Amino acid sequence: MVQEHNIDVNRTARFSTLGNYSKGIDNLWFVMHGYAQLSRDFIAQFEPLSNDNTLIVAPEGLSRFYSKGFYGGVGATWMTKEDRQNEIRDNIAYLGRLYQKV
């Protein structure tokens, strides 16, 4: 009989920023990319909002994949319908840790 189980593991998550970490920032933005995007590409759209008082943080979805078969560009996604509740829990934990870091 097949049984599924879960364990917690550590992951290395990637994120991109615009602006500098400093105590003088007035605005902290978290911007979330859509399907098949990477944080470094997505955050570039927010360049016009960048200034000395603003830090923009773009977390990247934890699941990367080739966007065209096994070749071509790479994109990221936040979750699929498979094991969704654990994906949601993992993403909330990731975003919470990232918020504490910045």
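The structure under discussion appears in the preceding block.
So, here is what we can say about the structure in this document.

1. Notes on the pairing of strand E3 (residues 54–59)
So, step 1. In terms of residue burial, E3 counts as a mostly covered element, since six of its six residues are buried.
So, step 2. The alternating pattern of E3 places Thr54, Ile56 and Ala58 and Leu55, Val57 and Pro59 on opposite faces, both of which are buried.
So, step 3. When strand E1 (residues 15–18) meets E3, the two strands line up antiparallel, connected through four bridges. Among the inter-strand pairings, leucine 18 is bridged to a residue of E3, identified as isoleucine 56.
So, step 4. Two strands pair when backbone bridges link them, and strand E2 (residues 27–30) and E3 are joined in this way by four bridges, in the parallel orientation. Following the sheet pairing, tryptophan 29 is matched in E3 by isoleucine 56.

2. Concerning unusual backbone geometry
So, step 1. You will see that alanine 36, though not glycine, has its phi angle at about 70°, which is positive.
So, step 2. On the accessibility criterion, alanine 36 (31% relative accessible area) is partly exposed.
So, step 3. Positive phi, normally seen in glycine, also occurs at aspartate 83, with a value near 55°.
So, step 4. Within the secondary structure, aspartate 83 sits in the loop between strand E5 (71–77) and helix H2 (84–101).

3. Points about the environment of asparagine 53
So, step 1. Inspection of the secondary structure assignment puts asparagine 53 in the loop between helix H1 (39–43) and E3.
So, step 2. Placed 33 residues apart in sequence, asparagine 53 and asparagine 20 show a C-alpha to C-alpha distance of 8.6 Å.
So, step 3. Look past the residues within four positions of asparagine 53 in its chain and what remains in contact with it is Gly24, Ile25, Asp26 and Asn27.

Each value, and the rule that gives it
Every chain is numbered on its own, with residues counted from 1 as its sequence reads. This being a predicted model, a pLDDT of at least 70 is required before a residue's local features are given, and a value of 80 or more before pairs of side-chain atoms are given or counted; all residues contribute to the totals for chains, interfaces and linings. Side-chain descriptors were evaluated using all non-hydrogen atoms of the structure, hydrogens and water having been removed beforehand. Whether a residue is buried, partly exposed or exposed follows from its accessible area with a 1.4 Å probe, protein chains only, as a fraction of its type maximum: under 20%, in between, or over 50%, in that order. The numbering of helices and of strands both runs from the N terminus, where a helix is a DSSP run of H or I of at least 4 residues and a strand a run of E of at least 2. Only strands joined by at least two bridges in the DSSP assignment are considered to pair. By definition, residues are in contact when any of their heavy atoms lie within 4.5 Å.

So, to be careful, I would describe these as geometric facts and stop short of saying anything about function.
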